Amino acid sequence: MGLADHNDDSGDVMEYRINFDSQTDIADLAGCLRARFEVEESLIYVGAPVGLGDYPGPAPMVVISPARDGERYGCQLQAGPRLAEQVDGIAVSELAGLLCVDAATSALVPGGRTGWRLVTSDGHVTEVIIDEELLDQEGFVIVAALRAIPLMPEVPVRSGDWHRERFNG
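Now for a look at the structure at hand. (Residues numbered from 1 in each chain as written. Predicted model: local features only at pLDDT ≥ 70, side-chain atom pairs only at ≥ 80, totals over all residues. Heavy atoms only, no water.)

1. Section: the overall build of the protein
Filter applied, for reference: Numbering of helices and strands starts at the N terminus; helices are DSSP runs of H or I of at least 4 residues and strands are runs of E of at least 2. We call a residue buried when its accessible area falls under 20% of the maximum for its residue type, exposed when it is over 50%, and partly exposed in between, using a 1.4 Å probe and counting protein chains only. Only heavy atoms matter for contacts: two residues are in contact if any of them lie within 4.5 Å across the pair. Surface exposure here means Shrake-Rupley accessible area, sampled with a 1.4 Å probe, where a residue is shielded only by the protein chains that are shown.
Within the protein, the secondary structure is distributed over 5 helices and 8 strands. Ordered by position from N to C terminus, the α and β elements of the protein give β-α-β-β-β-α-α-β-β-β-α-β-α. Considering the protein as a whole, with its 169 residues, one finds that 46% of them fall into the buried category. Taking the contacts inside the protein whose residues are at least 6 apart along the sequence as the reference set, 46% of them involve residues at least 24 apart. Accessible surface for the protein amounts to roughly 8600 Å². Of this, 47% is attributable to carbon and sulfur atoms.

Spelled out as structure tokens, the structure:
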């Protein structure tokens, strides 16, 4: 498994992939990892993964990649078993929740019936429906949620049946 694989919350080898809002301050996010989980600064690589080959530091524990212009939820954190050990094996959605609260941002993590969970800056977690057809052009576009999102009342609430009919049927 590589850094790009994600944690499925099953208790197996932990891999994390968290897609933060593109407006997330990367320096703040790295600072939160240092402050809350005591991740050494030299173990946090900030930049596109293609630049890892030129990285002069030790093998990173965490890779934080900035969003491309116009991309939604494109600031990505990737990490593997070393971070899992550092954070006592917490689930990806719990890690995202703590970081979102600390960095005052929101994030998408894989999981749930719809394939994605949104974590808001107050730690609220809700399954959301993503328009998969727009991923390449715009990044993650949230089209609906399965429950109301207090900090994002503009996102329509739909039933799980609507999701199955609209995207699987």
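This is not the end of the story, as more comes after the structure.
2. A word on helix 1 (residues 26-37)
Keep this limit in mind: Under the convention used throughout, the expected extent of a helix is 1.5 Å for every residue step, that is, one less than its residue count. Counted as a polar contact is a pair of N or O atoms within 3.5 Å, where, for protein atoms, one must be capable of donating a hydrogen and the other of accepting one, and residues adjacent in sequence contribute only when both atoms are in side chains.
The end-to-end C-alpha distance of helix 1 is 16 Å, a good match for the 16 Å that 12 residues give at a rise of 1.5 Å each. Within helix 1, burial applies to Ile-26, Leu-29, Ala-30, Gly-31, Cys-32, Leu-33 and Phe-37. Of the surrounding secondary structure, the elements contacted by the buried residues of helix 1 are strand 1 (16-20), strand 2 (44-46), strand 3 (62-65), strand 4 (75-79), helix 2 (81-86) and helix 3 (92-103). Residue Asp-25 occupies the N-cap position of helix 1, its side-chain oxygen lying 2.9 Å from the main-chain nitrogen of Ala-27. Positive phi appears at Glu-38, one or two residues downstream of helix 1, with a value of about 55 degrees.

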